[in-house]
Amino acid sequence: TYTLENGAIQLKVWKTNLTNLTHVETFRGSRLLSSGCYTDRLSHHVYFTNGKVTMRVFYKEDGKIAYTQYYKEGEITLTVFENELLVGRNAFYQAFFKRLKFTSKDLIIIDRSLDIADALFAQQKKAKVIVVIHAEHYNDARSTSDWICWNNFYEYVFTNAHLIDCFITATARQAEKLRQDFEIMGKAARDEVIPVGNISEAQLVNKEVNRFN
């Protein structure tokens, strides 16, 4: 932590070692003002007001601004590119997916579809879409014999199951329960079981070199 000469501003530098850092936070007193985030260079700045993110500025490799994004209550309100203004979250994600130029050869795997699926469907073209289900996909206490209360992370894709090419579960029992719930809700979709992978022991040749793996 570094305190500037006037004493009002402090810089907290987060490092992985003596020469590499991940981000630099700027404080006035105890109030966080901004955080500069680094990869092999400055990636972006995050600006805060009363502890909440209000703006992010992303940089190109040459250090020039790529785009600026404004937030309100955690939601993207406006994204400003050099020659383009995008209003809201959906417009930003659509612009991102559009630039990927999906084709029939692409397979899109969604992990936690909340906030992105609605934008993806508009830009997927002929690409296939798969949704991975990690957790319990419904709220048992709020479900009834004729209505399923979906987990909010999956509700949108379940409601629009006809747009999904396949759902992936970790166990056969989970897949069976999903099919039962789809039947109750008048839905149908393909599902596949892919168990969670694991290795029996860490196979590190050099633990010091691989300590972040």
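Structure report, in brief. (Residues numbered from 1 in each chain as written. Predicted model: local features only at pLDDT ≥ 70, side-chain atom pairs only at ≥ 80, totals over all residues. Heavy atoms only, no water.)

Points about the packing of aromatic side chains
Right, so step 1: Scanning the model with the defined rule gives 14 aromatic pairs in all.
Right, so step 2: Relative to F97, the ring of Y93 lies with its centre 6.4 Å away and its plane at 25°, an arrangement referred to as stacked. Taken together, the residues span about one helical turn, with Y93 and F97 both in helix α1 (residues 88-100) at a distance of four residues.
Right, so step 3: For Y93, a relative accessible area of 23% puts it in the partly exposed group.
Right, so step 4: Chaining the aromatic ring pairs together yields one cluster made of F58, Y67, F81, F92, Y93, F96, F97 and F102.
Right, so step 5: A cation sits over an aromatic face here: R99 above F81, 4.8 Å from the ring centre.
Right, so step 6: Geometry around Y138 places K177 over its ring, the cationic atom sitting 4.1 Å from the centre. (Phe/Tyr/Trp six-rings, centres within 6.5 Å; stacked < 30°, edge-to-face > 60°. Helix = DSSP H or I, 4+ residues; strand = E, 2+ residues; numbered from the N terminus. Buried < 20%, exposed > 50% of the residue type's maximum accessible area, 1.4 Å probe, protein only. Lys NZ or Arg CZ within 6 Å of the ring centre and 35° of its normal.)

Notes on the sheet that holds strand β12 (residues 166-169)
Right, so step 1: What the four strands build is an open sheet, ordered β10-β11-β12-β13; its pairing is parallel. The open sheet has two free edges, formed respectively by β10 (107-111) and β13 (191-193), since each of these has just one partner strand. Averaged over all pairs of adjacent strands, the angle between strand axes in this sheet comes to 25°, irrespective of strand direction.
Right, so step 2: Pairing of β10 with strand β11 (residues 128-132), which is carried by five bridges, proceeds in the parallel orientation. Within β11, the residue paired with I109 across the bridge is I130.
Right, so step 3: Against the sheet, helix α4 (residues 172-184) engages β12 and β13, with an angle of about 140° to β12. (Pairing = 2+ DSSP bridges. Axes fitted to C-alpha atoms, helices over the stretch in contact; angles between N-to-C directions. Contact = heavy atoms within 4.5 Å.)

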